[in-house]
Amino acid sequence: MKTALSLVIVLSMASPARGATLDWVNAGLVGADIATTEVILSRGGRELNPFMQNRGTRSAWAAARIVVAVQVPRELEKSGHKGWARGLRVAYLVIGGAIVTHNAIQLARGPR
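Residues numbered from 1 in each chain as written. Predicted model: local features only at pLDDT ≥ 70, side-chain atom pairs only at ≥ 80, totals over all residues. Heavy atoms only, no water.

Novice: Can you help me understand the packing of helix α3 (residues 55–78) against helix α4 (residues 82–109) in this one?
Specialist: Helix packing for two helices is described by the angle between their axes and how far apart those axes are. Two numbers describe how α3 lies on α4: the axes approach to 7 Å, and their chain directions differ by 160 degrees. As far as their axial angle goes, α4 and α3 are roughly antiparallel. Between α3 and α4 lies a crossing whose hand is left-handed. Seen from α3, the contacting residues are Arg65, Val68, Ala69, Val72, Pro73, Arg74, Leu76 and Glu77; seen from α4, they are Lys82, Trp84, Ala85, Leu88, Arg89, Tyr92 and Ile99. Of the residues assigned to the contact of α3 with α4, the class counts are 10 nonpolar, no polar and five charged. (Axes fitted to C-alpha atoms, helices over the stretch in contact; angles between N-to-C directions. Helix = DSSP H or I, 4+ residues; strand = E, 2+ residues; numbered from the N terminus. Parallel < 35°, antiparallel > 145°, perpendicular 65-115°, else oblique. Left-handed = near helix turned anticlockwise from the far one by under 90°. Contact = heavy atoms within 4.5 Å. Nonpolar A, V, L, I, M, F, W, Y, C, P; charged D, E, K, R; others polar.)

The following block contains the structure:
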């Protein structure tokens with residue numbers, strides 16, 4: 001897992017991809033997180049985060065994550081902090097990837 005994570009970080013930093021591309025990837029990861037969480041719950045799994053017990057709360061949180069993941073780096077770019085914006089996008093990419101990977105592992109294991 002650490003090797004894959006390192007590879008994602010290196011490729012993201014070296015990639016000529018524009019910020020908008022990383023924004024779309026991050027939005028896709030949020031969608032994958034919501035989708036996999038719902039599948040886990042429908043198969044008898046449970047949500048351990050007490051704030052995320054409600055489907056509406058999970059959906060609102062996902063929307064907020066997308067807005068933050070897109071808007072904050074754009075504002076940083078506008079103010080001339082392009083390096084920080086790219087770093088933040090990569091951080092969101094790594095965190096989102098870790099969340100989706102965790103959910104995929106939970107799906108593979110089945111309910112406990």
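Novice: In this structure, what is going on with the layout of surface pockets? I would like to understand it.
Specialist: Where empty space is left becomes clear once a probe the size of a water molecule has been rolled over the atoms. Size it by volume and the largest pocket reaches roughly 880 Å³. Taken together, 34 residues make up the lining of the largest pocket; nearest its centre are Asp33, Thr37, Glu47, His102 and Asn103. Elements supplying a minimum of two residues to the lining of the largest pocket: α2 (19–42), α3 and α4. The residue makeup of the lining of the largest pocket, split by class, is 17 nonpolar, 10 polar and seven charged. (1 Å grid on protein atoms, 1.4 Å probe; cavity = no way out; pocket = protein on both sides within 12 Å on 5 of 7 lines; lining within 4 Å. Points joined across faces, edges and corners; volume = space filled by probe spheres on them.)

Novice: Please explain the packing of α2 against α4 as it appears in this structure.
Specialist: Relative orientation of the contacting elements α2 and α4 amounts to 25 degrees, with a least axis distance of 9 Å. It follows from the interaxial angle that α2 and α4 lie roughly parallel. Between α2 and α4 lies a crossing of left-handed hand. Here α2 contributes Gly19, Leu22, Asp23, Val25, Asn26, Leu29, Ala32, Asp33, Thr36, Thr37, Val39 and Ile40 to the contact with α4, which in turn contributes Arg86, Arg89, Tyr92, Leu93, Gly96, Gly97, Ile99, Val100, Asn103, Gln106 and Leu107. In terms of residue class, the contact of α2 with α4 is made up of 11 nonpolar, eight polar and four charged.

Novice: Would you explain the side chain of Asn103 in this entry?
Specialist: Its place among the elements puts Asn103 in helix α4. When its relative accessible area of 8% is taken as the criterion, Asn103 is described as buried. Among the polar contacts listed, one links the side chain of Asn103 to the side chain of Thr36, at a separation of 2.9 Å. Look past the residues within four positions of Asn103 in its chain and what remains in contact with it is Asp33, Thr36, Thr37 and Ile40. (Buried < 20%, exposed > 50% of the residue type's maximum accessible area, 1.4 Å probe, protein only. Polar contact = N/O pair within 3.5 Å; in protein donor to acceptor, adjacent residues only side chain to side chain.)

Novice: For this particular structure, what's the right way to read α2?
Specialist: The periodicity of an α-helix, 3.6 residues per turn, causes residues three or four places apart in sequence to face the same way. Between the first and last C-alpha of α2 there are 35 Å, a value that for 24 residues agrees with the 34 Å anticipated at 1.5 Å per step. Of all the residues in α2, the buried ones are Gly19, Leu22, Asp23, Asn26, Ala27, Leu29, Val30, Asp33, Thr36, Thr37, Glu38 and Ile40. Of the surrounding elements, those touching the buried residues of α2 are α3 and α4. Once α2 finishes, Gly44 follows within two positions and takes phi at roughly 95 degrees, a positive value. (Expected span 1.5 Å × (residues − 1).)

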